[in-house]
Amino acid sequence: MSTVLLQVIVGGLLLGAVYALFSSGLTLVWGMMNIVNFAHGDFVMLGMYVAFMVWTLLGAGPLLGAPLAALVLATLGVIVYFGLIRDIMKGPMLAQILGTFGLALLLRYSVFWWFGANFQTLPENIVGGTFDILGLRIQASRLLAGAVALLVTLGLHLLLTRTSLGSKMLAVAEDSTAAQLMGIRPDSMQAIAWAIAAGATGLAGALIATFFYIVPTVGETLGIVAFVTVSLGGFGSVPGALVAGLLIGVIESLSGYLIGAVYKDMVVYSLFLGFLWFRPQGLMGKT
Amino acid sequence: MKFKHILGLLCAASISVVAISVMSAGNASAQDKTVKIGAIFPLSGNAASAGVHAKAAIEVAMDIINNANPELGNFPLAKNAGLAGLGGAKVDVVFADNQGSPATGQNQTLRLITEEKVVAITGAYQSGITLTASAIAEKYGIPFVNGESVAANLTERGFKWFFRVTPVASDFAKIYHDFLTDMKATGVKTDNVALVHDNTEYGTSVASVITSAFKEKGQAIALDVAYAVNATDVQSQVLQLKEKKPDVVIMVAYAPDAILYAKTMQALDYKPPMIIADDSGYSDPSFIKAVGKISQGAFNRSSWSVGAPGSPTALIAEMYKKKSGDEMDDTAARQMQGFFVLMEAIDRAGSTDPAKIQAALKATDLKPDQLLMGYKGVKFDDKGQNVLAAGLMIQLQDGENYVAVWPKANAEKAPVMPYKGW
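Cut-off values and rules
- Residues numbered from 1 in each chain as written.
- Chains lettered and ligands numbered in written order.
- Predicted model: local features only at pLDDT ≥ 70, side-chain atom pairs only at ≥ 80, totals over all residues.
- Helix = DSSP H or I, 4+ residues; strand = E, 2+ residues; numbered from the N terminus.
- Rg over C-alpha atoms; globule rule 2.2 N^0.38 Å.
- Buried ≥ 20, exposed ≤ 12 C-beta atoms within 10 Å, placed from the backbone.
- Contact = placed C-beta atoms within 7 Å.
- Pairing = 2+ DSSP bridges.
- Axes fitted to C-alpha atoms, helices over the stretch in contact; angles between N-to-C directions.
- Domains from an automatic or database assignment.
- Nonpolar A, V, L, I, M, F, W, Y, C, P; charged D, E, K, R; others polar.
- Core = buried A, V, L, I, M, F, W, Y, C linked by C-beta atoms within 7 Å.
- Right-handed = clockwise from strand over helix to strand, strands pointing away.
- Parallel < 35°, antiparallel > 145°, perpendicular 65-115°, else oblique.
- Expected span 1.5 Å × (residues − 1).
- Left-handed = near helix turned anticlockwise from the far one by under 90°.

**Some remarks on the overall build of chain A**
Summing up its helical and strand segments, chain A has 11 helices and two strands in all. The secondary structure elements of chain A, listed N-terminal to C-terminal, are α-α-α-α-β-β-α-α-α-α-α-α-α. Against the compact-globule benchmark of 19 Å for 287 residues, chain A has a radius of gyration of 19 Å, which places it among compact chains. Oriented by its inertia axes, the alpha-carbon framework of chain A measures out at about 60 × 50 × 35 Å. Expressed as a percentage of its 287 residues, the buried residues of chain A come to 55%. For chain A, the share of sequence-separated contacts (at least 6 apart) that also reach a separation of at least 24 residues comes to 76%.

Here it is as structure tokens:
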């Protein structure tokens, strides 16, 4: 295999890991309470701006920026849950869609108002530049994001399957009245789910900011990818999002290189629709 | 109770009477003293950076027109406050947001014409949106003056109300070819040209014009890399270029994609010997701030040059910087120029009647010293295209500021080869 082709595949895998990273929060919220969070892309954007502020104000890289972004967004997640989600969950589906969509616009244009429309970036070498392995160029920032994606997926998976907190959360997701009878408070569980989901999303944003541009509308560009990743992986499945992210990343890269970049979305989305035709629940979703 | 009700009704009635009289008084004086112009730009969405700068440019132009600025010398509409041809009337611009969508651009144009009752329109940045917005103005018989959209077909539609001040894609394609021919004479390799462009109206039309212009001169484009606008990743495109090793890469991209290309080229350690950028993304001030330092040596097209200190262009650039916080760039300057051309015509028409403005626009004949841009003048042909538009090549030599490098007559510095990158 030629080095270029290998580079394309490795690039695709790293890209896919990033897709998985910023999709995990979306899939978690869906799995827990059947809500599609249309503000998800803008949570990523907020994470990016936290990393940007940490850099401009404190001169610190993602080592500080990423945990801080996770913390800020987790707090925001809880606020959003109690301030908005808890109420609109009782309403019709349309209210949920419009509610989170309104939140998306509010976040986007608040940032727009505060930071302006200019594109920002973090310094190129903020996570150690790029290194060469056997002729392959690997960006440290993407590698870090990919590694964190694996860790976050693993962590969320273990949390949901191996801990009592996870069992409680899943119990609420399954039947919140029954869970309440067992002494579990659905409100706290769902607030925790929002905190974790938003925190993971903020973390993703801070890491993506190390190699992507930062602008208030960046959530529009990234949000779509998250939705596709989550529906391919199966709504609610965290490992599914990882596999789907990697798959989309590699297919995008390969089709972009072999067929042409302008056709890559066509290839990805037609495969995506074809796949959903046979398996509407996605790769690892429950029927 | 009854008394309170009556009192309440009386109050409400008197308030509404006062309100109506205030409103109508406002209207009457507005009609007497202001000229209302519509301006459509991407004030939100992914091109908002360009739109916000455009708005600042138009606001500076409004300040220049509405206040006396004798220091600007021969510059039209600067000397006295307001439009002399309309008894010192002030200009008032209603801004509308196209949100980066051709459909929204069209709706906003309709709103500006039917509800805001503007007498003329300028905008709309993206060629694809100028296309739809100007079609509405054409239908309603409202002059539409564009200062910045370069897609060829805009002036090929037989429109009677559309006027374009900027040089177009074919002018620039010719400039690129002449520039490359000159560079070849100095020993630079220019045979193998690659073209990278997005799939918008702007990207595809500029790419096809460049391809056919080069073909006419007997040079085929060796590699055409088309990609979908607002990309999340451009690694495969950069790898394609890296493998094919073109001598020259021409980039036709809006700011977000341009930034991503610059970052990806560095990550994959790819430096083409020469990059020529087709304005737009590469002229955006935030592109230079974000990735200028890793794009050193990129060539770009421009019609803007700041000029000597104290000259009208330098003074206007200073005013612009004060308003926007950023240096004047080619795109903002062309937008401002378009607006001045429109206002000069309205002033000359001495009327806000659209038909009279249209007639004045057709008779426009501005000389180089009356312009902000380095055009040879402004004069429209039957299609509404400025036939005296011209441009030059600039280079981002230090990664911070573009300098004019070609043609020799306008050059501040000699072109530096090869592309340095970072």
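**Description of the overall build of chain B**
When helices and strands are tallied, chain B shows 13 helices and 12 strands. For chain B, whose C-alpha radius of gyration is 24 Å, the value lies close to the compact-globule estimate of 22 Å for 422 residues. Reported as C-alpha extents along the three principal axes, the dimensions of chain B are approximately 90 × 50 × 40 Å. Put simply, of all contacts in chain B between residues at least 6 apart along the chain, 68% involve residues at least 24 apart.

**What about the sheet that holds strand E12 (residues 403–406) of chain B?**
Residue and element names in this part refer to chain B. Strand order in this open sheet of seven strands is E7-E6-E8-E9-E10-E11-E12, and the pairing throughout is mixed. Pairing within the sheet leaves two strands with one partner each, and these edge strands are strand E7 (223–227) and E12. Taken over all neighbouring pairs, the strand axes of this sheet differ in orientation by 30° on average, direction set aside. One ladder, built from five bridges, connects strand E6 (residues 193–198) with E7; its direction is parallel. Within E7, the residue paired with Leu195 across the bridge is Asp224. Of the strands in this sheet, E6, E7 and strand E8 (248–252) touch helix H7 (residues 235–244), which is tilted by about 175° from E7.

**What about the domain arrangement of chain B?**
All names here are of chain B. Considered domain by domain, chain B is made up of domain 1 (29–167 + 307–389) and domain 2 (170–302 + 393–410). When each unit is reduced to the centre of its C-alpha atoms, the spacing between domain 1 and domain 2 is 28 Å. Opposite the 21 residues of domain 1 that make contact, domain 2 presents 21 residues. For the side of domain 1 that touches domain 2, the elements supplying multiple residues, two or more each, are helix H2 (48–66), helix H4 (127–140) and helix H12 (330–349). Classifying every residue of the side of domain 1 that touches domain 2 gives eight nonpolar, nine polar and four charged.

**Some remarks on the nonpolar core**
Core analysis: the largest hydrophobic core is formed by 234 residues, its most contacted members being Leu21, Met48, Ala51 and Ile208 of chain A together with Ile250 and Met251 of chain B. Taken domain by domain, the makeup of this core includes at least three residues from each of domain 1 (29–167 + 307–389) and domain 2 (170–302 + 393–410) of chain B. Other than its neighbours up to four places away in sequence, Ile208 of chain A contacts Val18, Phe22, Val44, Met48 and Ala145 of chain A.

**A few points about the pairing of E8 of chain B**
Along a regular strand, successive side chains alternate from one face of the sheet to the other. Residues and elements named next belong to chain B. Burial within E8 is extensive, with five of its five residues counted as buried. Taken together, the five bridges between E6 and E8 define a ladder with parallel strand orientation. By the bridge assignment, Val196 is partnered in E8 with Met251. Direction of pairing for E8 relative to strand E9 (residues 274–277): parallel, over a ladder of four bridges. Looking at E9, one finds that Val248 is bridged to Met274. On the question of chirality, the crossover connecting E8 to the parallel E9 by way of helix H8 (residues 255–267) is right-handed.

**Remarks on the interface of chain A and chain B**
On the chain B side, the residues contacting the 32 residues of chain A number 34 residues. Looking at the side of chain A that touches chain B, the elements that each hand over two or more residues are helix H1 (3–33), strand E2 (136–139), helix H9 (218–233) and helix H10 (238–258) of chain A. Broken down by element, the side of chain A that touches chain B gets its largest block of residues, five residues, from H1 of chain A. Each residue belonging to the side of chain A that touches chain B can be placed in one class, and the counts come to 14 nonpolar, 13 polar and five charged.

**What about the sheet that holds strand E5 (residues 162–164) of chain B?**
All names here are of chain B. Judged by pairing direction, the sheet is parallel, and its five strands sit side by side in the order E2-E1-E3-E4-E5 without closing on themselves. Sheet topology places strand E2 (90–97) and E5 at the edges, where each strand pairs with a single neighbour. Strand after strand, the sheet turns through a mean of 25° between neighbouring axes, direction not considered. Sheet strands in contact with helix H3 (residues 102–114) are strand E1 (34–41), E2 and strand E3 (120–123), and its direction is about 145° off that of E2.

**A short note on the environment of Pro70 of chain B**
In this structure, Pro70 of chain B sits in the loop between H2 and E2. Take Pro70 of chain B: there are 8 C-beta atoms within 10 Å of it, and that puts it in the exposed class.

**What to know about the packing of helix H5 (residues 140–162) of chain A against helix H6 (residues 164–174) of chain A**
Each pair of packed helices can be described by the angle between their axes along with the distance between the axes. All names here are of chain A. Remark: H5 packs on H6, axes separated minimally by 5 Å, with the N-to-C direction vectors making an angle of 75°. Relative to H6, the element H5 is oriented roughly perpendicular. Listed contacts from H6 to Leu159, Leu160, Thr161 and Arg162 of H5 are Leu165, Gly166, Met169 and Leu170. Here the residues of the contact of H5 with H6 sort into five nonpolar, two polar and one charged.

**A word on the pairing of E2 of chain B**
Residues and elements named next belong to chain B. When E1 meets E2, the two strands line up parallel, connected through eight bridges. Each bridged residue has a counterpart across the sheet, and for Phe41 the counterpart in E2 is Asp97. In this fold, E1 hands off to H2, which returns the chain to E2; that crossover is right-handed.

**Here we look at unusual backbone geometry**
Residues and elements named next belong to chain B. Here Gly123 and Ala124 are connected by a cis peptide whose omega angle stands at 5°. Examined against the element boundaries, Ala124 turns out to sit in the loop between E3 and H4. Cis geometry is found at the peptide bond from Trp406 to Pro407, where omega equals -5°. Positive phi values are uncommon outside glycine, yet Lys245 reaches one of about 50°. With respect to the helices, strands and loops of the structure, Lys245 is situated in the loop between H7 and E8. In this structure, Asp279 is a non-glycine residue whose phi angle is positive, near 55°.

**Section: H12 of chain B**
For H12 of chain B, with 20 residues, the first-to-last C-alpha span of 29 Å sits near the 28 Å given by 1.5 Å per residue. Burial of H12 of chain B is extensive: 19 of the 20 residues sit out of reach of the surface.

**A few points about the packing of H12 of chain B against helix H13 (residues 354–362) of chain B**
Residue and element names in this part refer to chain B. Direction vectors running N to C along H12 and H13 enclose 115°, while the axes themselves pass 8 Å from each other. By the criterion of interaxial angle, the relationship of H12 to H13 is roughly perpendicular. Crossing of H12 over H13 shows right-handed handedness. From H12, Ala345, Ile346, Arg348 and Ala349 reach across to H13, where they touch Lys356, Ile357, Ala359, Ala360 and Leu361. A breakdown of the residues in the contact of H12 with H13 according to their chemical character gives seven nonpolar, no polar and two charged.

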